[in-house]
Amino acid sequence: MRILVTGGAGFIGSTFVRRRLAATQDTIVVLDKLTYAGNPANLADLDPGRVRLVRGDIADGPLVDELAREVDAIVNFAAESHVDRSILDPDAFLRTGVLGVHRLLEAARTERDRRGTGSRYRFVQVSTDEVYGPVPEGRSREDDPIRPSSPYSAAKAAGEHLVRAWHETWGLDACITRGANTYGPRQHPEKLIPLFITNAILDAPLPLYGDGMQRRDWLHVDDHADAVGVVLDRGVSGLAYNVSGDGEERPNRAVTEAILAQLGKPWSLVRSVPDRPGHDRRYALDGSRLRALGWEARVPFAAGLAATVDWYRENAAWWQAVRSGDWDDYYRRQYGWRLEGSAPA
Ligand code: NAD
Ligand code: DAU
């Protein structure tokens, strides 16, 4: 297959590209805007004969139309992905999540029509469990209502609505994945696990929001990437698929303890800071629909976290480069006042 992978220089997208090249004969065009989160280093070791990186925006209609002609499928990972940044500045979330998804869908529809009826042209929208909003009990199933809480998750929900509309109205062959909280190598250090690993390595404070009892179902990035591949290959058009973690929910406090234990650092680094507004207390997914396609999470959290901590220990040059540029500015805006008013956790 020839695939256009948008956002393929980011954390999950680059893992998808790496694993897809290893497991198939596919060739891949990556379209990535290379925002602060996109990193060509994530693709640097891959075979240039099978993967090509194009720097550009998914909201650029002519560019997207041109690239859509080269491929048989589009997998859209491109998004602004950090909830806290969406609270500081939502604009880019909506531009990419709504206008960008619209351009991609139009490109896919136009190319499918150009090739004629009967041609297979698949679109996979990589979405998130955050579209369900907080789940006080039980597990979200794909047909549950969606009630996003943050500008980030609202933009992701809007993207899903567009995908569904293009499927219903024009019969576009499209699926949606809703992944759980993902962790692993090459994740931007703005997110909880890599932030706490890298801060702890630096003996800097770990800013734990509120009481730290928010619960997440953690999913290793290799498992997430493989799930997207299974949906691309075997998903039923028109359906969404939850991608759950290992099924065990963990409060942020427990994740923090595990990171500190592995690094041999003290709990006194952890600071209780004012909470994220609109913070979803708990997510939990029912993953049975995707398991019926033959996928299951393979990486247990303890082993995955240990390997992730080791990766950050061994790849300090990678994350030091990422924690530069506008990082200090962002860090001050997000954490300056929070840490000033912080207390022991
Ligand atoms: P990331 O921030 O690491 O990567 C996003 C990539 O998209 C970056 O390379 C960035 O440069 C690129 N990008 C942003 N705007 C673009 C635009 N307008 N045009 C082209 N490229 C653009 O994010 P991630 O964690 O790898 O997430 C990838 C996808 O998976 C996102 O759609 C996200 O919503 C979804 N998701 C993430 C998680 C998670 O826990 N990280 C869980 C579920 C779903
Ligand atoms: O659930 C899927 C989502 O997971 C994805 O759609 C998002 O792209 C991804 O960023 C992630 O969202 P979260 O908001 O859950 O991830 P984050 O790493 O930002 O936060 C995880 C938990 O840790 C959450 O409860 C907030 C808390 N947290 C986070 C940070 C950055 C803290 O307590 N302190 C922090 O400094």
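Just so you know, these numbers come straight off a predicted model, no measurement behind them.

1. Here's the deal with the environment of Leu290
Mapped onto the elements of the fold, Leu290 is located in helix H9 (residues 288-291). Not counting chain neighbours up to four residues away, the residues in contact with Leu290 comprise Ala227, Val230, Val231, Tyr241, Asn242, Val243 and Trp295.

2. Points about the packing of helix H4 (residues 91-115) against helix H5 (residues 151-170)
As a packed pair, H4 and H5 sit with axes 8 Å apart at the nearest point and diverge in direction by 20°. With respect to each other, H4 and H5 are oriented roughly parallel. In this structure, H4 crosses over H5, and the sense of that crossing is right-handed. In this structure, H4 contributes Phe93, Leu94, Gly97, Val98, Val101, His102, Leu105, Glu106, Arg109 and Arg112 to the contact, and H5 contributes Tyr152, Ala155, Ala158, Gly159, Leu162, Val163, Trp166 and Trp170.

3. A short note on the environment of Ala78
Of note, Ala78 is situated in the loop between strand S4 (73-76) and helix H3 (83-88). Sequence separation of Ala78 and Asp26 is 52 residues, and the distance between their C-alpha atoms is 20 Å. Once you skip the residues sitting within four places of it in the chain, Ala78 turns out to touch Thr6, Gly7, Ile58 and Thr96.

4. Examining the site of ligand 2
The local shell around ligand 2 holds 25 residues, among which Thr128, Asp129, Tyr152, Asn181 and Arg276 are the closest. In the environment of ligand 2, an oxygen atom lies 2.6 Å from a nitrogen or oxygen atom belonging to the side chain of Thr128. Within the side chain of Asn252, a nitrogen or oxygen atom sits 2.9 Å from an oxygen atom of ligand 2. Considered on its own, ligand 2 offers 690 Å² of accessible surface; in the complex 95% of this is hidden by protein. Breaking the shell around ligand 2 down by element, the ones donating at least two residues are H3, helix H6 (192-201) and strand S8 (206-209). Taken together, the residues of the shell around ligand 2 sort by class into 10 nonpolar, 8 polar and 7 charged.

5. Comments concerning the site of ligand 1
As a structural note, the neighbourhood of ligand 1 is formed by 29 residues, with Ile12, Asp32, Ser81, Tyr152 and Lys156 the closest of them. In this structure, Ile12 approaches ligand 1 through a main-chain N or O atom, which is 2.8 Å from an oxygen atom. Contact between ligand 1 and Phe77: an oxygen atom at 3.0 Å from a main-chain N or O atom of the residue. Calculation on ligand 1 without its partners gives an accessible area of 830 Å², and the protein chains cover 97% of this total. Element by element, the count of residues in the shell around ligand 1 is highest for strand S5 (residues 122-128), at 3 residues. Across the shell around ligand 1, the residue classes tally to 12 nonpolar, 13 polar and 4 charged.

6. Description of unusual backbone geometry
For Leu34, which is not a glycine, the phi torsion comes out positive at approximately 50°. For Leu34, the location among the structural elements is in the loop between strand S2 (27-32) and strand S3 (51-55). The class of Leu34 is buried, set by a relative accessible area of 16%. Backbone geometry places Arg186, a non-glycine residue, at a positive phi of 70°. As for its placement among the helices and strands, Arg186 is situated in the loop between strand S7 (182-183) and H6.

Rules used in this analysis
Residues numbered from 1 in each chain as written. Chains lettered and ligands numbered in written order. Predicted model: local features only at pLDDT ≥ 70, side-chain atom pairs only at ≥ 80, totals over all residues. Heavy atoms only, no water. Helix = DSSP H or I, 4+ residues; strand = E, 2+ residues; numbered from the N terminus. Contact = heavy atoms within 4.5 Å. Axes fitted to C-alpha atoms, helices over the stretch in contact; angles between N-to-C directions. Parallel < 35°, antiparallel > 145°, perpendicular 65-115°, else oblique. Left-handed = near helix turned anticlockwise from the far one by under 90°. Near = heavy atom within 4 Å. Polar contact = N/O pair within 3.5 Å; in protein donor to acceptor, adjacent residues only side chain to side chain. Areas by Shrake-Rupley, 256 points an atom, 1.4 Å probe, with all protein chains shown as cover. Nonpolar A, V, L, I, M, F, W, Y, C, P; charged D, E, K, R; others polar. Buried < 20%, exposed > 50% of the residue type's maximum accessible area, 1.4 Å probe, protein only.

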